[in-house]
Structures are given as C-alpha cells and as structure tokens.
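# Analysis of the macromolecular model
Residues per chain, in single letters:
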Number of protein chains: 2
Amino acid sequence: METISENACFGGVQGVYSHRSESCDCDMTFGLFLPAEAKDGPVPVLWYLSGLTCTHENAMVKAAAQGWAAEQGIALIFPDTSPRGDDIANDEAFDLGQGAGFYVNATQNPWAPHFQMYDYITKELTDLVFDKFPLDVTRQAITGHSMGGHGALTIAMRETGRFASVSAFSPICNPTDSDWGRRQFTAYLGFEEDEWAEHDASLLMAKHGFDGPILIDTGTKDQFLDLLKPETLAQAAAAKRQEIIFRMQPGYDHSYFFVSTFMEDHITFHAEALYA
Amino acid sequence: METISENACFGGVQGVYSHRSESCDCDMTFGLFLPAEAKDGPVPVLWYLSGLTCTHENAMVKAAAQGWAAEQGIALIFPDTSPRGDDIANDEAFDLGQGAGFYVNATQNPWAPHFQMYDYITKELTDLVFDKFPLDVTRQAITGHSMGGHGALTIAMRETGRFASVSAFSPICNPTDSDWGRRQFTAYLGFEEDEWAEHDASLLMAKHGFDGPILIDTGTKDQFLDLLKPETLAQAAAAKRQEIIFRMQPGYDHSYFFVSTFMEDHITFHAEALYA
C-alpha cells in the first residue's frame, strides 16, 4: 500500500492510498478519513460509496462529511467506483465501464477480468483497511450516493450482520427495471435476469429486509427520479415493515449540494447505530 | 446577467451567474449562495475571494461554507479570480495571468485591458449583486484563501467603513517582499514599487489598520509559508494594536481540507460582527 497524500482535516487526517488489487487485477485508490480519536484506538467506520463517473475523490472533497465524522469520532472510507487503466475495458457511455462498476462481480467479457467491485469492496478493501488502520471491525455502517446508494443498500442487505445501519442519498432503487441497471447488468452479468436480483435494493428488501435502521433521502427535483425509482423501495420497505426513514426533500436535485445539505443528518443517524 | 445554474442547498439556493463585465471587458462568472432568509428580505453578505488557479467554483464546492452560512442566515459571494478567455492575456505560470488576478487594477500591458480585478470586485460586481439579489449593503464582511486572503485583507483595509469584519485562510501577507507578489506586481503595476504598497496587507496594516475585528488562520505545515509570510502581518497588527485573532494551526497545510476545517469558526466570527 502506498500513501498518495495525507492532509490534516478537522483534527484528524484525510489520507489517500493506493494498492495493488487482486480482485480487480489493477492498482486501486481510496480515501480514508481518520478522526483524532483514532490515535487512541480503533474507531467506528462509515463506508461511503460514490456514484457514476466518480473516483475516490469526489465525495472526499465535495460531500462535507469529515467535519461531522470528526464530531462523532467516526472514520470514513471513500473507495473508487471501478477498476481503472488504459488496458482495462471501458465504454464510451458514462454509465458503463470505468467509473460505473455498479458494485457487482462481472461474469461476462470483456468486463470479468477486472470488474469485481463487489468482492473488492466487501472483501479485499475491507481486509486491507482493517489490517492497516485503527478501525473497529465490529462497528461498521454504510452509505452512498446514486449508484453508490444502490451499492450501499445491496451490500448492507446481503452482508448480513456486518453493518449496524445503512443510508443512501438519491439511490438507484430498482436497477433491474431501470435504464440505470438493465444495460449494465446485461453487460456485466449476462442476460439471465435471475442473476440480477441480488443487486436490486427493492427486490432484496422484499426478500430479506435489513436488520437495522435505514435512512433514505431523495430530492423532489432530482433530474434522475425516473431512473432512481425511489417509490419502488419505499413500497417494498413499507410492505416488509422495515425500520426506515424515507424522505423526499422538496426542491433538491441530484448534486453534491443536496448530499452535503443532509450529510449531518446521515452521520448523526449512523453514529446513533454505531454507538448503540 | 445569465443564470448558469441554481441548486437547492441547505434550505437556500446555490446559484451560478455570468454577466458582461465592463471593468474586465469580458464575460465573468460568479457563485452566490442565498440562505432561506433571503426570501423574506435582504440578508448580510460574506464575500469569499479565492486563491491562485481557482475559478468561482472551487470554494463553492470544496470549502463547506454553505451550511454554516445557512445557519447564520448569511449570503456568500464567490467571484472568479481573473478575467478569462482565449483572447485575453495569459502566462504559462500558474501564478500570473488567468486565475491569478491578485485583486489589482493592472496598469501595464498586456494586462491592463482586462485585468481590473480590484474595480471588478469592489465596484462592478458589488453594484450588480446588490441590484439583482436581496442582499443588505449595510452588512458586509469579507474573507478569502491564499491570494484571496491577500485580496480580502487589502480590500477591507482600503474600502474604509464598508466591511464589518475581515478574515483570511493562509493569506499572502506581504506580497511586496515575496515571490507571490513581486513578479505579479511588476507585471501588472510596473517597476515603481511605491505603487505596490496599497496591495500589501502588512504595509496597509502598519499604515491604516482595520476598523473592526480580524481573524487569520494559517497552518503550521502550510507548504507555502515562506511565500505567505504570516509573521509580517502578525508583527504589523500587534504593533498597530489592531483587534485581531491570529492563529497558527498545528499540522494543517494549504489545502481546502484546512479551509473547510475552520470554516465554521470564520463564519461564526463574521456573523457576530454582521449582527452586532
């Protein structure tokens, strides 16, 4: 693991690190914010999964999360959204290939050799950060934005018992029935739609639910509402009698201005679960 | 004036606007955050002047200022740092020309026709924003980062009576004796060094001081300390018996991670002066 940068930030350290990933068979970069409390021992962790086109950096500089994480003594992990490199498959569309891993393990070519983002996040990067940094493996929560909200919700529901809480900002809620999902799942996972169900938050909610609290925020002026389908997840959660706070925020769109506005709420929400 | 974008943000609106500038003889773009209170009438204003290489956008997305401004009911103005355009003079160096206006009115060619940033900020953009938006002209404060800290301090001391308070993050404090200053003032203002004194915060402090409170934060690990010369301003302010809070923040560098860390303090500081 190589240190790219470390900046003092809200009494802690905002670091950027790169490492050779076996899952993705390329170098991967991630951001990690450690609050001051990490000097004295392991701290709880909030994973932040980013959306389409993002690297590890976007949320790290634009989501205004570190101040609230510092106040709660919580670390933040900002993974990249896909493998990257000139020799790695890509697509001209912004929503397929590099910057658009959709948090799945691709089984189809040309994606399968590198696009193993589910394993990368849930296993390889997990092992790495808990090995190298003072993080408390028993206190983890997860959040994300857009495609990263999809990642956070699906990972939280599949990795049973691992996360105390999950939240999302304008998540893709029903990718098996959306143009943000069907095209990508076909490319990465193939035409067998049964294989897709494990990567659809609304379907997972109907089947499993989540053993903990959920917080979802979406803007009523989000320009991608038709692709996100928050109504599908709201319906599934209510039908499942899932513990959830589901909010449609009047006037807000899909941008980081929206994400940063509600970041305090999300980190406070996770802190309550992590310190319970 | 043209609206480039408006996003809901912390209950208010983060807008970006462009307009034809007479001072700079080109189109100029600026960001303006209006808190929710602006719906009911004019609100106080905090000007934020950015540093080298920045446009109106950097601080708008990375300084995490809107949340604190919303809490205090204060508007934020994010001007650009220079005129821009293919037909406008520039230099290969990042610290001269476009993105590096230094908040002066250039008298030398090739800069003089467009680089009139002092007048642009203090007159033209001022007239525009108070004409077009619900802003209270009697309640203004100013801050900035690096070159923008230099701009904030020099403008505040020269525009007597206009600003209730001034603050700065890692400001260039003594440009007439720094490589961040001498080369640019020579280019923009010519070889007559007497002309430079009105654009040097430490010299203005020794001569005039500021009729209000000042807050300065600089990191002890700032990679540009030798160019910023905070010691010069600290000495001048103490000698002048100026009301000032001058802080060297241990471990922090020159980045927006530093700026965002202390943004709450700066906005709280200005709010106290603006609502006094």
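Residues numbered from 1 in each chain as written. Chains lettered and ligands numbered in written order. Predicted model: local features only at pLDDT ≥ 70, side-chain atom pairs only at ≥ 80, totals over all residues. Heavy atoms only, no water.

The name given to chain A in an unreviewed UniProt entry is S-formylglutathione hydrolase, with Litoreibacter ascidiaceicola as the source organism. Word for word, the UniProt comment on chain A under Function (unreviewed entry) is "Serine hydrolase involved in the detoxification of formaldehyde." (UniProt positions renumbered as here; feature names shortened; annotations may be inferred.)

## What to know about the interface of chain B and chain A
On the chain A side, the residues contacting the 20 residues of chain B number 20 residues. Approximately 1600 Å² of surface area, both sides summed, lies buried where chain B meets chain A, with 64% of it carried by carbon and sulfur atoms. Sorting the residues of chain B by area buried against chain A places Ala8, Phe10 and Phe257 of chain B first, and these three jointly supply 37% of that buried surface. Between chain B and chain A we count eight residue pairs in polar contact (both at pLDDT 80 or more) in total. (Contact = heavy atoms within 4.5 Å. Buried area = accessible area lost by both parts, 1.4 Å probe. Polar contact = N/O pair within 3.5 Å; in protein donor to acceptor, adjacent residues only side chain to side chain.)

## Let's talk about the packing of aromatic side chains
How two aromatic rings sit relative to each other is given by the distance of their centres and the angle of their planes. Enumeration according to the criterion identifies 28 aromatic pairs over all chains in this entry. Plain terms: the ring middles of Phe169 of chain A and Phe258 of chain A are 6.3 Å apart, the flat faces sit at 85° to each other, and that makes the pair edge-to-face. Taken together, the residues Phe169 of chain A in strand E7 (residues 163-169) and Phe258 of chain A in helix H9 (residues 256-274) connect sequence positions 89 residues apart. In this structure Phe258 of chain A comes out as buried when scored by relative accessible area, which is 0%. Their ring planes at 75° and their centres at 5.0 Å tell us that Tyr252 of chain B and Phe262 of chain B sit as a pair that is edge-to-face. You can see Tyr252 of chain B sitting in the loop between strand E9 (244-249) and helix H9 (256-274) and its partner Phe262 of chain B sitting in helix H9, a full 10 residues away along the chain. In this pair, the class of Tyr252 of chain B matches that of Phe262 of chain B, namely buried. The aromatic ring of Tyr118 of chain A is capped on one face by Arg158 of chain A, whose charged end is 4.2 Å from the ring centroid. (Phe/Tyr/Trp six-rings, centres within 6.5 Å; stacked < 30°, edge-to-face > 60°. Helix = DSSP H or I, 4+ residues; strand = E, 2+ residues; numbered from the N terminus. Buried < 20%, exposed > 50% of the residue type's maximum accessible area, 1.4 Å probe, protein only. Lys NZ or Arg CZ within 6 Å of the ring centre and 35° of its normal.)

## Observations regarding a negative patch on the surface
Negative charge collects at one region of the surface, where Glu71 and Glu264 of chain A together with Glu71 and Glu264 of chain B lie side by side. Within the secondary structure, Glu71 of chain A sits in helix H2 (residues 66-72). (Patch = residues over 30% accessible without salt bridge, like charges linked within 9 Å, V, L, I, M, F, W, Y side chains within 5 Å. Areas by Shrake-Rupley, 256 points an atom, 1.4 Å probe, with all protein chains shown as cover. Salt bridge = Lys/Arg side-chain N within 4 Å of Asp/Glu carboxyl O. Lys, Arg positive; Asp, Glu negative; His and termini not counted. Charge placed at Lys NZ, Arg CZ, Asp CG, Glu CD.)

## Focus: the side chain of Gln184 of chain B
With respect to the helices and strands, Gln184 of chain B occurs in helix H5 (residues 182-189). Apart from the residues lying within four places of it in its own chain, the contact partners of Gln184 of chain B are Asp95, Leu96, Phe102, Asp179 and Leu189 of chain B.

## Considering the UniProt feature "active site" (unreviewed entry) in chain A
Residue and element names in this part refer to chain A. When the UniProt feature table is mapped onto this chain, "active site" (unreviewed entry) is found at Ser146, Asp222 and His254. The greatest C-alpha distance among the residues just named is 10.7 Å, despite their covering 109 residues of sequence, which places them together in space. A residue is classified by how much of its surface remains accessible, and Ser146, at 3% relative accessible area, is buried. With near-sequence residues (within four places) excluded, Ser146 lies in contact with Gly51, Phe169, Ser170, Pro171, Ile172, Trp180, Leu228 and His254. Relative to the helices and strands, Asp222 resides in the loop between strand E8 (214-219) and helix H7 (225-228). If sequence neighbours within four positions are ignored, Asp222 has contacts with Ser170, Leu228, Tyr252, Asp253 and His254.

## Observations regarding the relation of the copies chain B and chain A
Superposition of chain B onto chain A requires a rotation of 180° combined with a translation of 0.0 Å along the rotation axis, giving an RMSD of 0.0 Å. The transformation relating the two chain copies, once decomposed into turn and shift, fits a two-fold axis. Residue by residue, 100% of the interface of chain B is reproduced at the interface of chain A, so both copies engage with the same surface. (Least-squares fit on C-alpha atoms with pLDDT ≥ 70 in both.)

## Some remarks on the sheet that holds E7 of chain A
Residues and elements named next belong to chain A. Strand order in the open sheet formed by nine strands is E1-E2-E3-E5-E4-E6-E7-E8-E9, and the pairing between neighbours is mixed. Looking at strand neighbours, the two that pair on one side only are strand E1 (2-9) and strand E9 (244-249), the edges of this open sheet. Strand-to-strand, the axes of this sheet are offset by a mean angle of 20°, without reference to chain direction. In terms of strand pairing, strand E3 (residues 26-34) meets strand E5 (residues 75-79) through four bridges, oriented antiparallel. In the sheet register, Leu32 faces E5, and the bridge partner there is Ile77. (Pairing = 2+ DSSP bridges. Axes fitted to C-alpha atoms, helices over the stretch in contact; angles between N-to-C directions.)

## Points about the state of the cysteines
The full count for this structure, using the stated rule, is zero disulfides over all chains. Summary of cysteine pairing: Cys24 of chain A is not part of a disulfide, and the nearest cysteine sulfur, belonging to Cys26 of chain A, is at 5.3 Å. Judged by relative accessible area, Cys24 of chain A falls into the buried class, the value being 0%. Free cysteine Cys9 of chain B: the closest other cysteine sulfur is in Cys54 of chain A, separated by 17 Å. The class of Cys9 of chain B is buried, set by a relative accessible area of 0%. (Disulfide = S-S within 2.5 Å.)

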